[in-house]
Amino acid sequence: MRPGRPPARRSTRDADGLAVASFVLGLVGLLVMNILLGPAAIVMAVLALVGSTSRRGRALLGLVLGIADLVVLALLVTGNGLVAWNFGG
């Protein structure tokens, strides 16, 4: 690390990347693998918010989508007893 360079720049960029990743994982998790992608989206969103991301809205959306993934998972398990979508009758 150079003496004239502030270290906060990299951590903010990392937090911004985590915010975007949590949003994408939460969104994809609504359709597939919500048992894995939901918790991952929640953890990444919390880490991005703790890391003071400049994309706070995207991190919050990732958090909400991660929670929605787990709600969808709970509905699927209680509805038909399987962790799978059932489009047929």
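This section reports on the structure supplied with the text.

Conventions and cut-offs
Residue positions are counted from 1 within each chain, in the order its sequence is given. With pLDDT at 70 or above as the cut-off, local features in this predicted model cover only qualifying residues; side-chain atom pairs require 80 or more to be listed or tallied, and sums for whole chains, interfaces and linings still use all residues. To obtain the side-chain values, all non-hydrogen atoms of the structure were used and water was disregarded. Secondary structure elements follow DSSP: runs of H or I no shorter than four residues count as helices, runs of E no shorter than two count as strands, and numbering proceeds from the N terminus. Here the term buried applies to any residue with accessible area under 20% of the maximum for its type, exposed to any over 50%, and partly exposed to those in between, with areas from a 1.4 Å probe on protein chains only. For this analysis, residues touch if any pair of their heavy atoms sits within 4.5 Å. Accessible surface area values rest on a Shrake-Rupley calculation with a 1.4 Å probe, where residue burial reflects the displayed protein chains alone. Under this scheme, a helix contributes an axis fitted over its contacting stretch, all axes are lines through C-alpha atoms, and angles between N-to-C directions fall in the 0 to 180 degree range. When describing relative orientation, an angle under 35 degrees is termed roughly parallel and one over 145 degrees roughly antiparallel, while 65 to 115 degrees is termed roughly perpendicular and anything else oblique. Take the far helix as the reference: if the near one is turned anticlockwise from it by less than a right angle, the crossing is left-handed, and if turned clockwise, right-handed. Residues are grouped as follows: Ala, Val, Leu, Ile, Met, Phe, Trp, Tyr, Cys and Pro are nonpolar; Asp, Glu, Lys and Arg are charged; every other residue, Gly included, is polar. Residues with no salt bridge and a relative accessible area higher than 30% make up the patches, which join like charges within 9 Å and nonpolar side chains (Val, Leu, Ile, Met, Phe, Trp, Tyr) within 5 Å. Any Lys or Arg side-chain nitrogen found within 4 Å of a carboxyl oxygen on Asp or Glu counts as a salt bridge.

1. Description of the overall build of the chain
Moving on, step 1. The secondary structure content of the chain amounts to 3 helices and 0 strands.
Moving on, step 2. Put simply, the chain runs from its N terminus to its C terminus through helices and strands in the order α-α-α.
Moving on, step 3. Scored against the burial criterion, the 89 residues of the chain give a buried share of 24%.
Moving on, step 4. In the chain, 63% of the contacts between residues at least 6 apart in sequence involve partners at least 24 apart.
Moving on, step 5. If you sum the accessible surface of the chain, you get close to 6000 Å²; carbon and sulfur atoms cover 70% of it.

2. A closer look at the packing of helix α2 (residues 34–50) against helix α3 (residues 56–80)
Moving on, step 1. Relative to each other, α2 and α3 sit at 155°, their axes nearing to 8 Å. Considered as vectors, α2 and α3 are oriented roughly antiparallel to each other. Between α2 and α3 lies a crossing whose hand is left-handed. Where α2 approaches α3, its residues Asn34, Ile35, Leu37, Gly38, Pro39, Ala41, Ile42, Ala45, Val46, Ala48 and Leu49 are matched on the opposing element by Arg56, Ala59, Leu60, Gly62, Leu63, Gly66, Ile67, Asp69, Leu70, Val72, Leu73 and Leu76.
Moving on, step 2. In the contact of α2 with α3, the residues fall into 17 nonpolar, 4 polar and 2 charged.

3. A short note on the side chain of Ser22
Moving on, step 1. Within the secondary structure layout, Ser22 lies in helix α1 (residues 8–29).
Moving on, step 2. The exposure class assigned to Ser22 is buried, which follows from its relative accessible area of 0%.
Moving on, step 3. Not counting chain neighbours up to four residues away, the residues in contact with Ser22 comprise Ala41, Met44, Ala45, Arg58, Ala59 and Gly62.

4. Re a nonpolar patch on the surface
Moving on, step 1. A grouping of Val24, Val28, Leu31, Val32, Met33, Ile35 and Leu36 is seen on the molecular surface, where their side chains present a nonpolar patch of about 660 Å² in accessible area.
Moving on, step 2. Assignment of secondary structure puts Leu36 in helix α2.
Moving on, step 3. Relative accessible area serves as the criterion here: at 53%, Leu36 is assigned to the exposed category.

5. Here's the deal with the environment of Val50
Moving on, step 1. Considering the arrangement of structural elements, one finds Val50 in helix α2.
Moving on, step 2. With a relative accessible area of 68%, Val50 lands in the exposed category.
Moving on, step 3. Residues Val50 and Ala15, spaced 35 residues apart in sequence, show a C-alpha to C-alpha distance of 8.3 Å.

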